[in-house]
Amino acid sequence: MALTQLNLGSELGLEVLHQRWYALILYQLDPAPTDFMELRRTVRGISTFNLLLRLKKLTELGLIETIPEDDYSYRLTTDGATFHAILTTLEDWGNLQLTRELSR
């Protein structure tokens, strides 16, 4: 029997990947605190307001958290670090595919 749709967990994961800013923000963060202004500098092309909205949503999803002592710093949660590893794996796969294409 063929699978005709993804399960809800897969759909949620793909939704996060589909949202360009979510992936870019998650890619820039790690478990160590990152200052908001540093994040603002590294995630190019997003307005400050939109960055704040995306950070709020990623916090609600449990992928990032604010630092209790400093509301202007963010870090990956354990779930966020898992998602970050998925992004890195996708990047590695894409780089491998590009290398194969260029060597043909």
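What you see is a predicted model; the values in this text were computed from it and never measured.

Description of the overall build of the protein
Across its full length, the protein holds 5 helices and 3 strands. By its C-alpha atoms, the protein is 50 × 40 × 25 Å across when sized along the principal axes. Out of the 104 residues in the protein, the part that is buried amounts to 25%. For the protein, restricting intrachain contacts to residue pairs at least 6 apart in sequence, the fraction spanning at least 24 positions comes to 50%. If you sum the accessible surface of the protein, you get close to 7400 Å²; carbon and sulfur atoms cover 58% of it. Once the 10 positive and 14 negative side-chain charges of the protein are each reduced to a mean point, those two points are 8 Å apart.

A short note on the side chain of Thr77
With respect to the secondary-structure elements, Thr77 resides in the loop between strand 3 (70-76) and helix 5 (78-102). Those residues in contact with Thr77, other than ones at most four positions away along the chain, are Gly62, Leu63, Ile64 and Glu65.

Points about the confidence of the model for the protein
Averaged over the protein, the pLDDT score is 89; the fraction of residues at 70 or greater is 94%. Least confident of the elements in the protein is helix 1 (residues 8-18), whose mean pLDDT is 82; most confident is helix 4 (residues 48-60), at 96.

With respect to the pattern of salt bridges
A side chain of one charge can pair with a side chain of the opposite charge if their charged atoms are brought near each other. Inspection of every chain in the model, using the stated rule, returns 4 salt bridges. Residue Arg41 pairs with Glu38 through a salt bridge whose shortest N-O separation is 2.7 Å. Remark: Glu38 and Arg41 occur in helix 3 (residues 36-42); sequence separation between them is 3 residues, near one turn of the helix. For the salt bridge of Lys56 with Glu60, the shortest nitrogen-to-oxygen distance reads 2.6 Å. You can see Lys56 and its partner Glu60 sitting in helix 4, 4 residues apart, about one turn around the helix. Overall, Lys56 belongs to the exposed group, its relative accessible area being 51%.

Structural notes on the packing of helix 1 against helix 5
Look at helix 1 against helix 5: their axes get within 12 Å of each other, and the N-to-C directions meet at 70°. Between helix 1 and helix 5, the angle is such that the two are roughly perpendicular. Judged by the twist between their axes, the crossing of helix 1 over helix 5 is right-handed. Contacts between helix 1 and helix 5 involve Gly13, Val16 and Leu17 from the former and Phe83, Leu87 and Leu90 from the latter. Along the lines of polarity and charge, the residues of the contact of helix 1 with helix 5 split into 5 nonpolar, 1 polar and no charged.

Digging into the packing of helix 2 (residues 20-28) against helix 5
Axis separation between helix 2 and helix 5 bottoms out at 9 Å; the angle between their running directions is 100°. Between helix 2 and helix 5, the angle is such that the two are roughly perpendicular. Of the residues in helix 5, those touching helix 2 at Ala23, Leu26 and Tyr27 are Phe83, His84, Leu87, Thr88 and Glu91. Taken together, the residues of the contact of helix 2 with helix 5 sort by class into 5 nonpolar, 2 polar and 1 charged.

Things to note about the environment of Phe36
Relative to the helices and strands, Phe36 is located in helix 3. The buried category is assigned to Phe36, whose relative accessible area is 9%. Residues Phe36 and Ile67 lie 31 residues apart in sequence; the distance between their C-alpha atoms is 11 Å. If near-sequence neighbours (up to four positions away) are discounted, Phe36 is found in contact with Thr48, Leu51, Leu52, Leu55, Tyr72, Ser73 and Tyr74.

Basis of the calculations
- Residues numbered from 1 in each chain as written.
- Predicted model: local features only at pLDDT ≥ 70, side-chain atom pairs only at ≥ 80, totals over all residues.
- Heavy atoms only, no water.
- Helix = DSSP H or I, 4+ residues; strand = E, 2+ residues; numbered from the N terminus.
- Buried < 20%, exposed > 50% of the residue type's maximum accessible area, 1.4 Å probe, protein only.
- Contact = heavy atoms within 4.5 Å.
- Areas by Shrake-Rupley, 256 points an atom, 1.4 Å probe, with all protein chains shown as cover.
- Lys, Arg positive; Asp, Glu negative; His and termini not counted.
- Charge placed at Lys NZ, Arg CZ, Asp CG, Glu CD.
- pLDDT = per-residue confidence, 0-100.
- Salt bridge = Lys/Arg side-chain N within 4 Å of Asp/Glu carboxyl O.
- Axes fitted to C-alpha atoms, helices over the stretch in contact; angles between N-to-C directions.
- Parallel < 35°, antiparallel > 145°, perpendicular 65-115°, else oblique.
- Left-handed = near helix turned anticlockwise from the far one by under 90°.
- Nonpolar A, V, L, I, M, F, W, Y, C, P; charged D, E, K, R; others polar.

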